[in-house]
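Structural overview for review
These are the residues of each chain, in order.
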Amino acid sequence: MRPNTNEYDTELRVNGEVVVLDGMPYQGRTVLPEGPDRFACLERWAKGVAEMLGEPVTWRAAEKGQLAGRGTVQPGPGAQNRRAL
């Protein structure tokens with residue numbers, strides 16, 4: 001692992017269920033940089049999925065079994081309305 005990074009268990013959820021697109025669950029382990037913006041890439045990832053699905057998406061990150069961060073992003077006004085769970 002690179003210096004100044006931590007590894008997190010991450011996932012994206014819609015209505016409490018892990019997002020699955022094309023048979024791939026959106027959860028796994030992710031290495032993120034330390035610092036105040038460490039979850040920015042998860043926010044962007046969730047925003048892209050929210051835009052594609054047309055629904056709010058919640059991202060979660062846990063470190064050593066403890067919740068380290070969580071947020072929910074809304075799709076924009078022109079987002080698709082596709083349900084893919």
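So, here's what we can say about the structure. Bear in mind the structure is a predicted one, so any value in this text is a computation, not a measurement.

Structural notes on the packing of aromatic side chains
Under the criterion given, the structure shown has three aromatic pairs. Ring centres of Tyr8 and Phe39 lie 5.5 Å apart, and the angle between their planes is 70°; this geometry places the pair in the edge-to-face category. Taken as a pair, Tyr8 in strand β1 (residues 5-14) and Phe39 in the loop between β5 (27-33) and α1 (40-53) lie far apart in primary sequence, 31 residues in all. Phe39 shares its class with Tyr8; the two are buried. Each ring, one from Tyr26 and one from Trp45, has its centre 5.5 Å from the other, and the planes form 15°; the classification is stacked.

So, the nonpolar core
In terms of nonpolar packing, the biggest core is built from 17 residues, with Leu12, Val19, Phe39, Val49, Val57 and Trp59 touching the most fellow members. For this core, the secondary-structure elements that each account for two or more residues are β1, α1 and β6 (57-63). The leading source of residues in this core is α1, at five residues. Beyond its immediate chain neighbours, meaning those up to four positions away, Trp59 contacts Glu11, Leu12, Phe39, Leu42, Glu43, Ala46, Gly69, Arg70, Gly71 and Thr72.

What counts, and where the lines are drawn
Residues numbered from 1 in each chain as written. Predicted model: local features only at pLDDT ≥ 70, side-chain atom pairs only at ≥ 80, totals over all residues. Heavy atoms only, no water. Phe/Tyr/Trp six-rings, centres within 6.5 Å; stacked < 30°, edge-to-face > 60°. Helix = DSSP H or I, 4+ residues; strand = E, 2+ residues; numbered from the N terminus. Buried < 20%, exposed > 50% of the residue type's maximum accessible area, 1.4 Å probe, protein only. Core = buried A, V, L, I, M, F, W, Y, C linked by side-chain atoms within 4.5 Å. Contact = heavy atoms within 4.5 Å.

Keep in mind these numbers describe shape, not what the thing actually does.
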